[in-house]
Amino acid sequence: MKQKKQGRVRGPAILAGGAAIQILTGIPAAWGVFQPPVMEEYGFEEGQASLVLSWLVASFGVGCVIGGFLQDKTSPRFAGLWGTALLTLGLGAAWLLPGGSPFWFYLAFGAPVGLGTAFLYPAVMSCAQKWFSGRKGLATGVIGAAVGASGAFLSFFVRTVCRGAGIRRAFFWLGVLSLAVCGSASLLLRDPPGAGSEAAASPGERDLTPAAMLRTRNYWLCTAGVCLAAPSVLLFSPILLRLGQERGLEESAAVWAVVLGSLGSAGGRLLMPLLSDKIGRKAADLILLGALAGLGVGFAFAQSWLWLGCYALLTFCYSGQAALLPAFGTDLFGFAHAGVNYGFLALGMSAGSILFPLAAAWLGLEAGRHWLAVGAAAVGFCAVGCIRMPPKPSKGAGGKAA
């Protein structure tokens, strides 16, 4: 009885703490607002500043593997505290770095911030799913909504601080805030009693080790879907303000693309995991990838406020697809190695964040990047369509919601 009562308290507390952490880790989603003042302060060209986003997302994918392994072997609290330290270190470095050196900015800011975010994300997600094993969509949706809302919060924060003190001071205060909030919230992270021993004592047929997962067809198809969804948003987010002005918006109105995109992201991350609890992870993923392909066509031609609406819907679908991944991974490969398995699945984001911007630059694409994104989403739809879902476990095998 005491353990059940503690579960009713601990589960919601972990969701609240996890949401607080994720509000501060959405720097990639808000990079369109960071980029112009970074270019001005550090003397970067647009291409150099855009590559910061690729470094952030690439480091996130690699960090998810390392952080997932760390939290599986130690505890989500330990991984969360390390993530907080790395995130704070990167933000502090950006405050101190001299201008004119993109390489050092990538190395001292992009890598630790991406890694720190990655250590925090799987620690929070896998911990929450274990406390809400019967309602995984709810757990990932609530925390995912905070990831989406992070873009809106960071946009407001950066623009407010930059008006009076500049981007360096914004990095400084964001580091202080991250240390306080993420550090204290990470102390709440703890797996349910017996979660590790149950997995070790009676692993299910889908509790695959990372090595076994990497040998499956489903892993490569699922990772391909993640990779091929990336260009629908990541090809455009670094140049969002410029693109908005080219589509007929004033600079002040173009900023709304970041805000509405963040709200769309929050909605997708909250609603699509909840829907996937009803219709299944694969069906929800197919809906989103199909929508990314269709919306990408509209985004190529839309003007003014219609363009803003298209972008908000694109972020809804892209973020919803990303938010499905933790639960999709445990559906396919089990809970026993959820942290590190999620990390390997998230490598698809890293691949997409690097390969597609490089391909667009190498091919000299401007308007053509829209068709690159549409084609990638269509191929991703086909890849996910080929995934074979394992049979559902018997009722006695599943955990009850906390």
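This text follows the structure it describes.
What you see is a predicted model; the values in this text were computed from it and never measured. (Residues numbered from 1 in each chain as written. Predicted model: local features only at pLDDT ≥ 70, side-chain atom pairs only at ≥ 80, totals over all residues. Heavy atoms only, no water.)

A. Representation of the environment of Ile-354. Assignment of secondary structure puts Ile-354 in helix α16 (residues 338-362). For Ile-354, a relative accessible area of 34% corresponds to the partly exposed category. Among all residues touching Ile-354, those that are not within four sequence positions of it are Ser-54 and Ala-58. (Helix = DSSP H or I, 4+ residues; strand = E, 2+ residues; numbered from the N terminus. Buried < 20%, exposed > 50% of the residue type's maximum accessible area, 1.4 Å probe, protein only. Contact = heavy atoms within 4.5 Å.)

B. Spotlight on the nonpolar core. Core analysis: the largest hydrophobic core is formed by 115 residues, its most contacted members being Ile-27, Trp-31, Phe-34, Phe-105, Phe-109 and Phe-171. For Phe-34, the contacting residues outside a window of four places in its chain are Ile-27, Leu-154, Val-158, Ile-167, Phe-171 and Leu-174. (Core = buried A, V, L, I, M, F, W, Y, C linked by side-chain atoms within 4.5 Å.)

C. Representation of the layout of surface pockets in the model. Of the pockets and cavities examined, the second largest pocket occupies roughly 350 Å³. Forming the boundary of the second largest pocket are 20 residues, of which Gly-47, Ser-50, Pro-357, Ala-361 and Arg-369 lie nearest the centre. When residues of the lining of the second largest pocket are traced back to their parent elements, those giving at least two are α3 (46-73) and α16. Top element by residues in the lining of the second largest pocket is α3. It accounts for six residues. (1 Å grid on protein atoms, 1.4 Å probe; cavity = no way out; pocket = protein on both sides within 12 Å on 5 of 7 lines; lining within 4 Å. Points joined across faces, edges and corners; volume = space filled by probe spheres on them.)

D. Geometry of empty space enclosed by the protein. By the definition in use, this model includes three cavities of 30 Å³ or more. The computed volume of the largest cavity comes to approximately 510 Å³. Considering the residues around the largest cavity, the lining is formed by 31 residues, among which Pro-28, Ala-29, Val-147, Arg-269 and Tyr-318 are closest to the centre. Looking at the lining of the largest cavity, the elements that each hand over two or more residues are α3, α5 (102-131), α6 (136-164), α11 (231-234), α13 (251-279), α15 (304-333) and α16. The element that contributes the greatest number of residues to the lining of the largest cavity is α13, accounting for six residues. Here the residues of the lining of the largest cavity are counted per class, giving 18 nonpolar, twelve polar and one charged. The space that makes up the second largest cavity amounts to roughly 100 Å³. If you go around the second largest cavity, you meet 15 residues; those closest to its centre are Gln-129, Pro-326, Thr-330, Ala-338 and Tyr-342. Where the lining of the second largest cavity is concerned, the elements lending two or more residues are α5, α15 and α16. (Nonpolar A, V, L, I, M, F, W, Y, C, P; charged D, E, K, R; others polar.)

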